Amino acid sequence: MKPFPRAEISRQALKNNLARLHELAPSSKVMAVVKANGYGHGLLNVAQCLDNADGFGLARLEEALALRAGGVNAKLLLLEGFFRPADLATLVEHDIETVVHHESQIEMLEQAELTKPVTVWMKVDSGMHRLGFVPDEFHAVYQRLLACKNIAKPINLMTHFACADEPDNNYTATQLATFEQLTQGLPGERTLANSAGALFWQQSQANWIRPGIALYGVSPVVGDLGTKHGLIPAMELVSQLIAIREHKAGQPVGYGSHWVADNNTKLGVVAIGYGDGYPRNAPLGTPVLINGRLAPIVGRVSMDMLTVDLGADAADKVGDKAVLWGKDLPVEEVAEHIGTIAYELVTKLTPRVAVCLD
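Residues numbered from 1 in each chain as written. Predicted model: local features only at pLDDT ≥ 70, side-chain atom pairs only at ≥ 80, totals over all residues. Heavy atoms only, no water.

A.B. asks: I would appreciate a short explanation of the pattern of salt bridges in the present structure.
C.D. replies: It is possible for side chains of opposite charge to pair when their charged atoms get near one another. Tallied over the entire structure, the rule returns 14 salt bridges. A salt bridge links Arg84 to Asp87, with the nearest nitrogen and oxygen atoms 2.9 Å apart. Residues Lys327 and Asp328 are paired through a salt bridge, measuring 3.5 Å at the closest nitrogen-oxygen approach. The exposure class of Asp328 is exposed, given its relative accessible area of 52%. Taken together, the salt bridges that share partners define one network made up of Glu103, Glu110 and Arg144. (Salt bridge = Lys/Arg side-chain N within 4 Å of Asp/Glu carboxyl O. Buried < 20%, exposed > 50% of the residue type's maximum accessible area, 1.4 Å probe, protein only.)

A.B. asks: Would you take a moment to explain the UniProt feature "domain: Alanine racemase C-terminal" (unreviewed entry) in the protein for this structure?
C.D. replies: Here, UniProt's "domain: Alanine racemase C-terminal" (unreviewed entry) annotation points to residues 234-358. What you have in residues 234-358 is 11% helix and 37% strand, and the ends, taken at the C-alpha atoms, are 10 Å apart. (UniProt positions renumbered as here; feature names shortened; annotations may be inferred. Helix = DSSP H or I, 4+ residues; strand = E, 2+ residues; numbered from the N terminus.)

A.B. asks: Would you take a moment to explain the pairing of strand S5 (residues 97-100) for this structure?
C.D. replies: It is a general feature of regular strands that their side chains alternate between the two faces of the sheet. Of the two faces of S5, the one carrying Glu97 and Val99 and the one carrying Thr98 and Val100 are both buried. Bridge count for strand S4 (residues 75-78) against S5 is two bridges, and the pairing is parallel. Pairing of Leu78 across the sheet is with Thr98, part of S5. Note that the unit made of S4, helix H5 (residues 85-94) and S5 has a crossover that is right-handed. Bridge count for S5 against strand S6 (residues 120-123) is three bridges, and the pairing is parallel. Paired with Thr98 across the strands is Val120, a residue of S6. With helix H6 (residues 103-111) bridging S5 and the parallel S6, this β-α-β connection has right-handed handedness. (Pairing = 2+ DSSP bridges. Right-handed = clockwise from strand over helix to strand, strands pointing away.)

A.B. asks: Which parts of the structure should I look at to understand the packing of aromatic side chains?
C.D. replies: For any two aromatic rings, the description comes down to two numbers: the centre-to-centre distance and the angle of the planes. All chains considered together, the criterion is met by four aromatic pairs. Ring centres 6.3 Å apart and planes at 20 degrees place the aromatic pair Tyr278 and Trp325 in the stacked group. Linking Tyr278 in the loop between strand S13 (265-270) and strand S14 (287-290) with Trp325 in strand S17 (residues 321-325), this pair joins segments that are 47 residues apart in sequence. Taking the relative accessible area as the measure of exposure, Trp325 reaches 1% and is therefore buried. One aromatic cluster is present, formed by Tyr39, Tyr216 and Tyr343 through successive ring pairs. The ring of Phe4 has Arg6 sitting right over it, with the charged end atom 4.6 Å from the ring centre. (Phe/Tyr/Trp six-rings, centres within 6.5 Å; stacked < 30°, edge-to-face > 60°. Lys NZ or Arg CZ within 6 Å of the ring centre and 35° of its normal.)

A.B. asks: Honestly, unusual backbone geometry in this entry has me stumped. Any pointers?
C.D. replies: Comment: phi is negative for the bulk of residues other than glycine, and the bulk of peptide bonds are trans. In this model, Phe4 is joined to Pro5 through a cis peptide bond whose omega is -15 degrees. Take Pro5: it is sitting in the segment before strand S1 (6-9). Each neighbour pair has its own omega, and for Lys153 with Pro154 the value is 0 degrees, a cis peptide bond. By the secondary structure assignment, Pro154 is in the loop between helix H7 (135-147) and strand S7 (156-158). If you check the backbone angles, Tyr39 has positive phi at about 50 degrees while not being a glycine. Tracing the backbone shows Tyr39 in helix H2 (residues 35-39). Tyr39 sits in the buried class, given a relative accessible area of 8%. Despite not being glycine, His129 has its phi angle at roughly 60 degrees, a positive value. Of note, His129 is situated in the loop between S6 and H7.

A.B. asks: What should I look at first to understand the sheet that holds S5 in this one?
C.D. replies: With parallel pairing, eight strands are arranged side by side around a closed barrel as S2-S3-S4-S5-S6-S7-S8-S9. Taken together, the three bridges between S6 and S7 define a ladder with parallel strand orientation. Looking at S7, one finds that Lys123 is bridged to Met158. Contacting S5, S6 and S7, H7 runs over the sheet at an angle of about 165 degrees to S6. (Contact = heavy atoms within 4.5 Å. Axes fitted to C-alpha atoms, helices over the stretch in contact; angles between N-to-C directions.)

A.B. asks: Help me understand the environment of Arg68 in this model?
C.D. replies: Considering the arrangement of structural elements, one finds Arg68 in helix H4 (residues 61-69). Classification of Arg68 as buried rests on a relative accessible area of 16%. Arg68 sits 77 residues away from Leu145 along the chain, and the two C-alpha atoms are 27 Å apart. Excluding residues within four positions of it along the chain, Arg68 makes contact with Asn73, Ala74, Leu76, His94 and Asp95. A distance of 2.9 Å separates a polar side-chain atom of Arg68 from the backbone oxygen of Asp95. (Polar contact = N/O pair within 3.5 Å; in protein donor to acceptor, adjacent residues only side chain to side chain.)

Written as structure tokens, this is what we have:
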């Protein structure tokens, strides 16, 4: 018997989404971003399923080592770079590439004794103002990287967009212009486009795109759906009804008596809560799909369960499946109800949720 709650992951959806991104950026290679446990879909599961991706983007060295231990031999890139001098020997040993975005990393590279050079991607701060070298220091830093014996040549170049998920915001065009002006004529490969860049800013696609959320069938734009762009949701988060109760008008339910019924009804208790990563702050009315219809959450989400209003005439039974999000209840819509973004919902699932690859 399959466990509850569980995240059912569709191999076919993942493969479809990678193929769709190749269609959208036919001249670019795809660096599939699988950080944060494959956006909650299972790090190794996703990487093995997407074995025709051109490479994989990770946030942390531990994620890259888990892929190597799992037999993944593709290009791996640390998007946050390395943090300690000892990491450099590990990068060399396991053939892992790294972003360089700060002077402290350059110093570590200059002082290291390595058996071979490391492939680096110099990050330009074109306007995100989080990581990267600002335009005024770009050329001096670039020359310093060129002079470092521990860095493979040519040096690759990258940046990250702040507002690409706002297709009408011209700030992305400004960032593009800044990056192109700084890097014009330089050798090496380039990557600029995240999911939003790949979908909405064709001019940013360059040698590599770095899709994350789009790989999983989700749109990066609030109010939009991945399905509008030919993407298929790869995750269905499911649990089950563990109790059905007759509930009288005027009676509350849950901690703090947060909700009181206006009419006689039936309540269903679903085995999932914030201990599984479902947000405690999900407001009244957040939908759950049960037997083909949407049932609103009533009362507060607790650690292990939540309660939905099934309606007075409900014929649902204990054991019936409850879908928290999936193909027929897009995670983008659930995120809007809760007041967050789909990224957070899929990545915050806890180890209590079984990840099942279908």
